[in-house]
Amino acid sequence: MASAYTPGLKIVSKTLVEKDRKLPLKGEVNVKKGDKVTAETVVASTNLPGNVYPLNLAGQLGCEANEISIYLKVKEGDTIKKGDILAETGGFFGFFKTTIEAPITGSVESLSTATGQAILREPPIPVEVHAYIDGVVDDIYPEEGVKINSLATYIQGIFGIGGEVIGELVMVSPSPDAVLDEDDIKIEHKGKIIVGGSLVTAKALNRAVEVGVKGVIVGGYDAEDLKEFLGYDLGVAITGTEEKGITLVVTEGFGKIQMAKKTYELLKQSVGMKTSINGATQIRAGVIRPEVVIPLTNTKSTKEIENLSKNTGMNVGSPVRIIREPHFGEVATVVELPEQPVIIATEAKVRVVKIKTNSGEEITLPRANVEIIEE
């Protein structure tokens, strides 16, 4: 029987999740290989240089550049507070002094008698990298970060917004085809990651932000609703940096689409567990998928999980998702993999797959129009 591999979504009840956690520049790694960490553990940290603030001392003092040293009250390397005197003229019999106060808190980086300029720098900006998922430190990248391994339930989505958040998983919608609306979101959902069904409305997202919900996982979304919520048209940009106070992970696609039963059941089984989600999405080269990671405490060994999670390609019986219209977002099962290429309506000669949708319809599509749902 012919087989093929088409990159696709992972919806896996138990798998080995590996995450590289790296600093934007060199710093300090705070953990050791083999350490058990929680999602909140700071695994690496560094400091970004503070913002630079140039100051024209000579211009303000009314002197030549090489004369500023006469009036300076500070030297290079000094720590300063906002309002401290940096330079001051003697004035006339103690009157009519010109005083220059520090406009920021920070340090004196340089004083130039060639230009008459002072360069001040604000305090360093601390940067911390958290583990993001509960797990074990599998490897150390000296001065950069670590690799975290975790045995977890892992679900990839189609689209998302917002960055990494961690919270307790709560089931809100009673079924995978229910619409998540504003009335469904209660005050007790504050700080939680909530699960909806087929659609989330703009009003529901606004209500979630108002309540303090950390994240929403749902089957579908309406592009106009998302535009209303964000206040702008997202287009094809890379997402994940939106600052709306919430992270959204869409598992199926555009419009009202029932969440896949397997996905819904996995989430339902994980209610009450600590969950990490990330809405970052990139649909161009170097695809980035939004994700849901639910670390497991009682599971099989790492080796067994690795064997379970190895991709065996597309075969008869493989679950797939259609990623082109007119059946976009539908989940189906492979029933046949013809070996010979077929000429399709566009007159292109391609390899095809015969699938059976959940509604029982059998259709033949180019293999590029479907993606495997890795189980």
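Cut-off values and rules
Residues numbered from 1 in each chain as written. Predicted model: local features only at pLDDT ≥ 70, side-chain atom pairs only at ≥ 80, totals over all residues. Heavy atoms only, no water. Salt bridge = Lys/Arg side-chain N within 4 Å of Asp/Glu carboxyl O. Helix = DSSP H or I, 4+ residues; strand = E, 2+ residues; numbered from the N terminus. Buried < 20%, exposed > 50% of the residue type's maximum accessible area, 1.4 Å probe, protein only. Pairing = 2+ DSSP bridges. Core = buried A, V, L, I, M, F, W, Y, C linked by side-chain atoms within 4.5 Å. Contact = heavy atoms within 4.5 Å. Arc of directions from axis to C-beta. Polar contact = N/O pair within 3.5 Å; in protein donor to acceptor, adjacent residues only side chain to side chain.

### A word on the pattern of salt bridges
Applying the stated criterion across every chain yields a total of 13 salt bridges. Between Asp134 and Lys274 there is a salt bridge; the shortest N-O distance is 3.2 Å. Here Lys274 lies in strand S21 (residues 274-278) and Asp134 lies in the loop between strand S11 (125-130) and strand S12 (135-141), a separation of 140 residues in the sequence. The partly exposed category is assigned to Asp134, whose relative accessible area is 22%. Of the charged contacts, one joins Lys354 and Glu362 as a salt bridge, the two residues approaching to 3.6 Å between their closest N and O atoms. Salt bridges sharing partners connect three or more residues here, namely Glu18, Asp138 and Lys147.

### A look at the pairing of strand S13 (residues 145-156)
Counted residue by residue, S13 has 12 buried out of 12 residues, so it is predominantly covered. Inspection of the sheet shows strand S1 (residues 11-22) paired to S13 by 10 bridges, in the antiparallel sense. Looking at S13, one finds that Arg21 is bridged to Val146. Two elements, S12 and S13, share five bridges in a ladder whose sense is antiparallel. Looking across to S13, one finds that Val137 is bridged to Ile148. In the sheet, S13 pairs with strand S22 (residues 291-295) via five bridges, with the strands oriented antiparallel. By the bridge assignment for S22, Ile155 is matched with Val292.

### A few points about the nonpolar core
Ranked by internal contacts, the top residues of the largest apolar core, which has 25 residues, are Val216 and Leu248. Only strand S14 (159-161), helix H3 (202-211), strand S19 (215-221), helix H4 (223-230) and strand S20 (247-254) provide two or more residues apiece to this core. Every residue in contact with Leu248, bar those within four places of it in the chain, is listed here: Phe159, Gly160, Ile161, Val200, Leu205, Val216, Val218, Leu226 and Gly279. Ranked by size, the runner-up nonpolar core spans 18 residues in total, among them Leu169, Val195, Ala260 and Ile373.

### Side note on helix H5 (residues 261-269)
Here H5 has its buried residues at Thr263, Tyr264, Leu266 and Leu267. Viewed along the axis of H5, the buried residues span an arc of 165°, placing them on a single side of the element. The exposed set on the far side of H5, more than 90 degrees from its buried face, consists of Lys261 and Gln269.

### Topic: H4
Those residues of H4 lying buried are Leu226, Phe229 and Leu230. Seen along its axis, H4 keeps its buried residues to an arc of 90°; they face one direction. Opposite the buried face of H4, by more than 90 degrees, sit the exposed residues Glu224 and Glu228. Where H4 begins, one side-chain oxygen reaches toward the backbone nitrogen of Glu224, 2.9 Å away; that side chain belongs to Asp222.

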